[in-house]
Amino acid sequence: LATSIALSGGLVVASDDLPALAPGRREMAQALFPPAGVAARALDLSDGPVASAWRVNLADDRALVGFLNWGDEGRWVTWSEHLAPGEVAFDLWNQRMLGMGDIFLRPHEGLLLQVAGRGKTPRCVGDSASLTYAGLFQRPVSGRLQLRNDLDRPRIVAVEARGQIAAHELLPGEARWFD
């Protein structure tokens, strides 16, 4: 459900009591705010009555790519087929960069990726706290990047620097430079 809401690009409604949710579910709901503001387009119109692969291109060479398993059986997703050459993907729900290989989706499960093209200077390519990077201050200066977490909760950010991608935790108020 969270994946389909994120891909809709519009209204986000959370009817659950957020403080009462398990921490992982609460983080998932919080990551949907604010919405992207742009709806995704289907990538696989011939896959069934409802598409299972979706993409929305955002500003700054970023995108969201989502996969939804509508069926009652698990299925493998070849996610890399839906990325342009050189793009990298951060699995928002599992807070990790994706390497090579396929992903198995359980029945009725979704996968949401933050996608970014490769850059020449250090840059943030994934953020566990917000699909739109809300509350993440970013300042590029002379081939370096400063990130600061302006939220009241920790977040995992994936940073590409010098061709390497690594995940880093930023605590509330923490600022860090990347070369």
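Further up the page is the structure itself.
Anyway, here's the lowdown on the structure attached to this text. What you see is a predicted model; the values in this text were computed from it and never measured.

Description of the overall build of the chain
- Within the chain one finds 2 helices and 14 strands.
- Taking 16 Å as the expected radius of gyration for a compact globule of 179 residues, we find that the chain reaches 16 Å, a close match to that expectation.
- The long-range share in the chain, meaning contacts at least 24 apart out of those at least 6 apart in sequence, stands at 54%.
- Separation of charge centres in the chain, based on 18 positive and 21 negative side chains, amounts to 8 Å.

Some details on helix α2 (residues 23-31)
- Buried within α2 are the following residues: Met28, Ala29 and Ala31. Down the axis of α2, the sector holding all buried residues measures 160°, keeping them to one side.

As for the pairing of strand β12 (residues 155-161)
- The buried count for β12 comes to 7 of 7 residues, which makes it a mostly enclosed element.
- When strand β9 (residues 123-127) meets β12, the two strands line up antiparallel, connected through 4 bridges. Counted as the bridge partner of Cys124 is Val159 from β12.
- Examined bridge by bridge, β12 and strand β13 (residues 164-170) share 7 bridges and lie antiparallel to one another.

Criteria and thresholds
Residues numbered from 1 in each chain as written. Predicted model: local features only at pLDDT ≥ 70, side-chain atom pairs only at ≥ 80, totals over all residues. Heavy atoms only, no water. Helix = DSSP H or I, 4+ residues; strand = E, 2+ residues; numbered from the N terminus. Rg over C-alpha atoms; globule rule 2.2 N^0.38 Å. Contact = heavy atoms within 4.5 Å. Lys, Arg positive; Asp, Glu negative; His and termini not counted. Charge placed at Lys NZ, Arg CZ, Asp CG, Glu CD. Buried < 20%, exposed > 50% of the residue type's maximum accessible area, 1.4 Å probe, protein only. Arc of directions from axis to C-beta. Pairing = 2+ DSSP bridges.

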